[in-house]
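Structural overview
Okay, here's what each chain looks like letter by letter:
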Amino acid sequence: MTNGWVDIKNADVILAMGGNPAENHPVGFKWFLEARKVRNCKLVAVDPRFTRTAAVADLYSPIRPGTDIAFLCGLVRHAIETGRFHEDYVRLHTSAPCLVSPDFGFDEGLFSGFDAEKGEYARESWAYQLDGRGFVKTDPTLEDPQCVFQLLKKHVDRYTPEMVERICGTPKDTFLKVAEIVTSTGNAARVGTVTYALGWTQHSTGVQMIRAAAILQLLLGNVGRPGGGVNAFRGHSNIQGATDTAGTFEILPGYLKTPVGSQHSLREYLDANTPKPLLAASMNYWQNYPKFMVSLLKAVYGKAATRENDFGYSWLPKVDGNYSWMYIYDDMYRGSSTRAGGQEPGPEGFITFGMNPVALGPNSKKMVAALSKLKWMVVVENVETETAIFWKAPREYEGPEPAAIPTEVFLLRTFTNSARWLQWKWKALDPPGQAKADQEILAAILLAVRDLYQKEGGALPEQVTSVSWSYSNPYRPDLGEVLKEMSGTALAEVHDPSDKTKVHTAGQQLDGFGQLMDDGTTACGNWLHSGVYTEAGNNAQRRNNADPLGLGMFHNWAFSWPANRRIMYNRASADAEGRPWDPTRAGIKWNGEKWVGDVPDMKPDAPPGTYGAFIMMPEGLARLFAPALNDGPFPEHYEAVEAPIANPLHPKVTSNPAFKKFTSDKDVYGAREEFPIVCTTYRLTEHFHYWTQHQHDGLLNEVQPGFFIEIPEALAEQKGIRNGSQVRVISARGQIQGVAMVTRRLRPLTVDGKETWQIGFPIHWGFAGVPGHTGPLANLLTPSAMDPNTWTPEYKAFLVKLEKA
């Protein structure tokens, strides 16, 4: 989230799209209602279903699943064509004036540089034009045809209201009403926010959906301002923290990059990942990358990490391909590694910690088959999930006979005490029975493996034996000590670069990441969280609700990374002279000596004009043009991998040309001729993911007692389906059965001139759980198609057929 839950109350307009916050985030949704109460805020809900959010919205707009980019690009076009965008903001704070290479182009659904054989882009033609100093050439008038603004204007020109209607099925008059409300914030006096959740991320174009929203918000001047931003709603309390702390293979804690095999030395790694400024006014804060990385290595390897051994860099694992979870399961199923050309064996053992791949992975048959090929598996969970008993999967999952499965399964039960937004949570009770706390399980594994390496050696024993594990109780580390380690510690006398009179002696906690060094004198497990635990104490435990700014920032309540900043990019909340765009909602402002208000996302004493507002970007500007993405620098509408129509914009390139998929015998995809109905999945307030069905006396199971399939009234009438009867939904990968919920919440849409039906069902049930509360797995039907940037599966849009059971 660029802003935060409480800040939503400061908005004049909220566009809720790609999520259903009233249903899935009901406590946080109170801030939507507060915005309406205190600011007469207009809430717009865009969703395939008439949801609980839509029921309280000022305007509801239907949309076909997977077509959000077309809708958002239509809003961008509307803002530009009508002049309802914040031009001063765009000129000052975005890359609109930057000139792009004349080699860049887009034609018939493909950006320049596409390699059809590899299914990937070479991105050289997406580069900026540079002057003799290596800085980006710019056109302040925004008239040059190669400036980002003109390229964006040309790119979205195809997304007329008529084309949005043709692609999305959204009636033209409804779309225009949405456009008028949303673009009403394209000025200094008003501000709006965009909220989303998994309805955007879980597509083969998920990253570009979010990019489209970011471009819209930047054009409207809504990023960095109170009441603005692009706010992602996480589904669990620890997902943001897991992502911050290397939740995926390609990043280290603090979003540092995982080294690749060709980066043999720390210097090679730092040279490859430390950017150079692209404009003279760029602070280019990632220039501090060496400080962040060396401090991380010192936190990992402690005294064993020295300048002479590159601070242990050679011990850090390197990657030679894609190790995301979808690829791991593909290796598991094939029995060989696709990264090594199929020459190396696939995984023999597997630890799944707080993840239920049989239920949450797409194409559940493949997940069951993959686990059946392991020699051993450890499942760390609170309940006995589908993964823990995968060999008991019903016949329709097509798993081997239990006697033929060699996998030995160990179930370790945990009691999870997790934190998000660095807000400390105190343990409610001790783990029951023989269950262990998460950190105790992890400690036991680390200590046992380290002991084996110390006794038996190995290919690179130092990789494990050098790990620093200096907690007071190594068998059950105190989480306060862990947080100290993440926050950052001085290992020798450290002088604050911005205040030489401020000195930290060895062993003292640092105040923040500005004091990190690249010489081995500081240790920090996650630079982004630095400052959460200082010499003053555990800032995550703070509970002071003073709000002197009156904007709901609450700086003394918990700790907001980075640097306790409540609104990211807040320098953009002020104009070129440092005056707030809206004085009644001042994020920060220049008082003649320093920036005051929120913790400034800017050097505190740097006068306006010294640096660009977006300090992490090498341009110092927010990117309307994103040359680092794998599927294009601008968002483009592509149909889902399983599409009910050819793409009206470019029929020869219907789906994302760079999307990723697998090719095993289990990875099959449906054609629209056989599977004509669009299907999507969603969540319910009353169920917590895949856990609620495990509660014996749970009242929530009484409120939502079983799996159901939502079907539009007219479609049910066509097929002779009655409300409450049993129906069967079939995709190319399998079929599930459930109770028909015949509803008006889903509407037939006219898409590309044809009547198109869409149905949906919740994800929560599975074959594990209390008898009477189990049900089919929704993901038995979903495909293994992925976004090329994040490798997130396309759960939210696929094709099915429907019949009476």
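Structural data are supplied above this passage.
Here is a short report on the structure shown in this document. Since this is a predicted model, take the numbers as computed values, not measurements.

Cut-off values and rules
- Residues numbered from 1 in each chain as written.
- Predicted model: local features only at pLDDT ≥ 70, side-chain atom pairs only at ≥ 80, totals over all residues.
- Heavy atoms only, no water.
- Salt bridge = Lys/Arg side-chain N within 4 Å of Asp/Glu carboxyl O.
- Helix = DSSP H or I, 4+ residues; strand = E, 2+ residues; numbered from the N terminus.
- Phe/Tyr/Trp six-rings, centres within 6.5 Å; stacked < 30°, edge-to-face > 60°.
- Buried < 20%, exposed > 50% of the residue type's maximum accessible area, 1.4 Å probe, protein only.
- Patch = residues over 30% accessible without salt bridge, like charges linked within 9 Å, V, L, I, M, F, W, Y side chains within 5 Å.
- Areas by Shrake-Rupley, 256 points an atom, 1.4 Å probe, with all protein chains shown as cover.
- Pairing = 2+ DSSP bridges.
- Axes fitted to C-alpha atoms, helices over the stretch in contact; angles between N-to-C directions.
- Contact = heavy atoms within 4.5 Å.

Moving on, we get to the pattern of salt bridges. Following the criterion strictly, the structure yields 38 salt bridges and no others. The partner of Arg-267 in a salt bridge is Asp-271, and the shortest N-O contact between them spans 3.1 Å. Separated by four residues within a single helix, Arg-267 and Asp-271 lie in helix α12 (residues 266–273), roughly one turn from each other. Glu-803 is the partner of Arg-728 in a salt bridge, and the nearest nitrogen-oxygen pair spans 2.9 Å. One end of the pair, Arg-728, is in strand β27 (residues 726–731); the other, Glu-803, is in strand β33 (residues 798–804), with 75 residues separating them in the sequence. Here the residues in one salt-bridge network are Asp-12, Arg-39, Asp-582 and Arg-585, joined through shared partners.

What follows deals with unusual backbone geometry. Pro-562 follows Trp-561 through a cis peptide bond whose omega is -5 degrees. Turning to its location among the elements, Pro-562 is positioned in the loop between β21 (537–538) and β22 (588–590).

Time to look at the packing of aromatic side chains. What the rule picks out here adds up to 41 aromatic pairs. Judged by centre distance (4.1 Å) and plane angle (20 degrees), the ring pair of Trp-5 and Phe-233 falls under stacked. Here Phe-233 lies in the loop between β9 (230–232) and α11 (239–244) and Trp-5 lies in the segment before β1 (13–17), a separation of 228 residues in the sequence. Trp-5 gets classed as partly exposed once you look at its relative accessible area, which sits at 22%. With centroids separated by 4.7 Å and ring planes inclined at 55 degrees, the aromatic side chains of Phe-106 and Phe-111 adopt a geometry described as tilted. The exposure class of Phe-111 is buried, given its relative accessible area of 2%. Among the aromatic residues, those joined into a cluster by ring pairs are Phe-104, Phe-106, Phe-111, Phe-114, Tyr-121, Trp-126, Phe-625 and Phe-634.

This part takes up a nonpolar patch on the surface. Residues Ile-351, Phe-353, Trp-376, Phe-410 and Leu-442 make up a contiguous nonpolar surface patch of roughly 440 Å² in combined accessible area. Looking at the element boundaries, Phe-410 is found in strand β14 (residues 408–415). Using a relative accessible area of 36% as the deciding quantity, one classes Phe-410 as partly exposed.

Next up on the list: the sheet that holds strand β3 (residues 59–61). Taking strand neighbours across the sheet as the criterion, the five strands line up as β3-β2-β1-β8-β9 in an open arrangement whose pairing is parallel. Lying at the two open borders of the sheet, with one neighbouring strand each, are β3 and β9. Each neighbouring strand pair of the sheet contributes to a mean axis angle of 20 degrees, computed without reference to strand direction. Judged from the four bridges that link them, β1 and strand β8 (residues 192–196) form a sheet pairing that is parallel. Along β8, the bridge assignment pairs Val-13 with Gly-192. Seen against the sheet, helix α4 (residues 68–82) touches β1, β2 (42–46) and β3 and runs at an angle of roughly 160 degrees to β1.

Take the pairing of β1 next. For a regular strand, side-chain orientation follows a simple rule: the groups alternate between the two sheet faces. Burial analysis of β1 places five of its five residues in the buried class, which makes it a mostly covered element. Here β1 shows two buried faces, one formed by Val-13, Leu-15 and Met-17 and the other by Ile-14 and Ala-16. Bridge count between β1 and β2: five bridges; the pairing is parallel. By the bridge assignment, Val-13 is partnered in β2 with Lys-42.

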